Amino acid sequence: MDFKDYKGVWVFIEQKDGVVASVSLELLGAGRKLADKRGVELAGILIGENVKQLTKTVFEYGADTVYVYDQPIFKHYRTETYMKALLECADKYKPEIILYGATSTGKDLA
């Protein structure tokens, strides 16, 4: 494993019923500062059903990129399905840092 391939700061965008959790918006602000300090991109990872429209909010709060997994299987949070999506994306794009909210969902997924 070569860690020089890993770049960028990600924020897991927690949402419920099509509403982005305020903790995720706060983390985007913190992530923006961290990404700027490190000279890397800030990305959000958004998982759910019918969530594509939420990317606008994620961009408005500072993300350079948003990775979206929008499928019926993600309608309700389940550790295994969300974890597989996040790991697939992380394996492909290799972030160096992923921030999660200190919520029950964020802690479980982290």
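Numbering of residues starts from 1 in each chain and follows the order in which that chain's sequence is written. A pLDDT threshold of at least 70 governs which residues receive local features in this predicted model, and a stricter bar of 80 or more applies before side-chain atom pairs are shown or counted, although totals over entire chains, interfaces and linings include all residues. No hydrogens and no water enter the side-chain calculation; it runs on all heavy atoms of the structure.

1. Observations regarding the pairing of strand β4 (residues 42-48)
Remark: exposure states derive from per-residue accessible area (1.4 Å probe, protein chains only) relative to the maximum for the residue type, with buried under 20%, exposed over 50%, and partly exposed in between. Only DSSP runs of H or I with at least four residues qualify as helices, and only runs of E with at least two residues qualify as strands; both kinds are numbered from the N terminus onward. In terms of burial, β4 is largely enclosed, as 7 of its 7 residues are buried. Alternating positions in β4 separate into two faces, Leu42, Gly44, Leu46 and Gly48 on one and Ala43, Ile45 and Ile47 on the other, with burial throughout. Strands are treated as partners if at least two bridges between them are detected by DSSP. Summarising the sheet, strand β1 (residues 9-13) and β4 pair through 5 bridges and their orientation is parallel. Counted as the bridge partner of valine 11 is glycine 44 from β4. Here β4 runs beside strand β5 (residues 65-70); their pairing, made up of 6 bridges, is parallel. Across the sheet, the residue bridging to isoleucine 47 is tyrosine 69, located in β5. For the handedness criterion, the β-α-β arrangement of β4, helix α2 (residues 55-60) and β5 is classed as right-handed. When the strands point away from the viewer, a crossover counts as right-handed if the path from the first strand over the helix to the second runs clockwise.

2. Observations concerning the side chain of glutamate 14
Take glutamate 14: it is sitting in the loop between β1 and β2 (15-16). By definition in these notes, contact holds between two residues if any of their heavy atoms fall within 4.5 Å. In contact with glutamate 14, not counting residues within four places along its chain, are Val19, Val20, Ala21, Val23, Ser24, Thr103, Thr105 and Gly106.

3. Section: the pattern of salt bridges
By definition here, a salt bridge exists when the distance from a side-chain nitrogen of Lys or Arg to a carboxyl oxygen of Asp or Glu is within 4 Å. Applying the stated criterion to the full structure yields 4 salt bridges. We note a salt bridge from arginine 32 to aspartate 36, for which the minimum N-O separation is 2.9 Å. One end of the pair, arginine 32, and the other, aspartate 36, are both in helix α1 (residues 22-38), 4 residues apart, so they sit about a helical turn from each other. Among the salt bridges present, the one from arginine 38 reaches glutamate 96, with a minimum N-O distance of 2.6 Å. With a gap of 58 residues between them, arginine 38 in helix α1 and glutamate 96 in the loop between α3 (79-93) and β6 (97-99) connect regions that are remote in the sequence. Here the salt bridges share partners, and the residues they tie into one network are Arg32, Asp36 and Asp64.

4. Comments concerning unusual backbone geometry
Even without being a glycine, aspartate 17 presents a positive backbone phi close to 50°. Note that aspartate 17 resides in the loop between β2 and β3 (19-20). For aspartate 17, a relative accessible area of 71% corresponds to the exposed category. Positive phi is not limited to glycine here, since lysine 94 has a value of about 55°. Assessed through its relative accessible area of 26%, lysine 94 is described here as partly exposed.

5. As for the sheet that holds β1
Reading across the sheet, the 4 strands line up as β5-β4-β1-β6 and stay open at both edges, with parallel pairing between neighbours. This sheet does not close on itself; its edge strands, each paired only once, are β5 and β6. Taking each pair of neighbouring strands and ignoring which way they run, the sheet shows an average axis angle of 20°. Here β1 pairs with β6 via 3 bridges, running parallel. Within β6, the position partnered with tryptophan 10 by the bridge is isoleucine 98. Note on geometry: axes are lines fitted to C-alpha atoms, helical ones only across the stretch in contact, with angles between N-to-C directions running from 0 to 180 degrees.

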